[in-house]
Amino acid sequence: AATTPAKVKNFKATAYTKTVKFTWSEVENADSYNIYVYKDGQYVLLGTSEGTSYKATGLSEGTEYDFYIRAYISLTNSTIKGSMTSVSAVTKPAKPDNLSISGVTTSSHTVSWEETPGANYYYVYRYSSKTKSYTVIGKTKDLSYKVTGLSSGKTYKYKVKGVLMKNGKEIAAG
């Protein structure tokens, strides 16, 4: 007689903006694994994997999710299911859209962008041609940031990342 599959171990989630990738340790004799999200008081099947990884897509950005997995053993006329294992993950906020510059003077201008769902605040970065990288120049809860101390006639490049605070940790846009 077949035994109940063991509980899945090492169930891990890596969250991106609208996707989460899962990995776990193989369960002996398991034929497949079902991955669920707990939503509106019920377990909703996201998909099935015969291996030890799965990628969930179509999720909302900047959102906390509770995911569950269970192993299955398939028999001729039935299926035996193991107990659930859970992991929580928070998807990253989207990158802000429509970055623009306004209020240009010889020494300052204002960088603006559209609100990012799920973001608690934003980091503003400026590109340095010397280091060939972006550096944080400010942090704000507003949808704009005034940059001062600029040199007249010089070109500046910026990017903005929305940040979600969850359990004391920063989760920045991708």
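Higher on the page you've got the structure.
Rules of the game
- Residues numbered from 1 in each chain as written.
- Predicted model: local features only at pLDDT ≥ 70, side-chain atom pairs only at ≥ 80, totals over all residues.
- Heavy atoms only, no water.
- Pairing = 2+ DSSP bridges.
- Helix = DSSP H or I, 4+ residues; strand = E, 2+ residues; numbered from the N terminus.
- Axes fitted to C-alpha atoms, helices over the stretch in contact; angles between N-to-C directions.
- Phe/Tyr/Trp six-rings, centres within 6.5 Å; stacked < 30°, edge-to-face > 60°.
- Buried < 20%, exposed > 50% of the residue type's maximum accessible area, 1.4 Å probe, protein only.

Side note on the sheet that holds strand E15 (residues 169-172)
Thought 1: The strand order E12-E11-E14-E15 describes an open sheet built from four strands, whose pairing is antiparallel. Where the open sheet ends on each side, the last strands, each with one partner, are strand E12 (133-140) and E15. Across the sheet, the mean angle from the axis of one strand to that of its neighbour is 35°, orientation sign disregarded.
Thought 2: Across six bridges, strand E11 (residues 121-128) lies against strand E14 (residues 158-166) in antiparallel orientation.

Let's talk about the sheet that holds strand E9 (residues 100-102)
Thought 1: The strand order across the open sheet formed by three strands is E9-E10-E13, and the pairing between neighbours is antiparallel. Looking at which strands have only one partner, the edges of the open sheet turn out to be E9 and strand E13 (144-147). Averaged over all adjacent pairs, the angle separating strand axes in this sheet is 25°, with direction ignored.
Thought 2: Sheet topology note: the E9/strand E10 (residues 109-112) ladder contains three bridges and is antiparallel. Across the sheet, Ser 100 pairs through a bridge with Ser 112, a residue of E10.

Looking at the packing of aromatic side chains
Thought 1: On inspection of all chains with the given rule, the structure shows 11 aromatic pairs.
Thought 2: Between the aromatic rings of Phe 22 and Phe 67, the centroid separation amounts to 4.8 Å while the plane-to-plane angle is 70°, which identifies the pairing as edge-to-face. One end of the pair, Phe 22, is in strand E2 (residues 20-23); the other, Phe 67, is in strand E6 (residues 64-74), and 45 residues separate them in sequence. Neither Phe 22 nor Phe 67 differs from the other in exposure class; each is buried.

So, the pairing of E12
Thought 1: Inspection of the sheet shows E11 paired to E12 by seven bridges, in the antiparallel sense. By the bridge assignment for E12, Val 124 is matched with Gly 138.
Thought 2: Turn length for the E11-E12 hairpin, with the two strands adjacent in sequence and antiparallel, is four residues, and the turn residue Lys 132 shows positive phi of about 55°.

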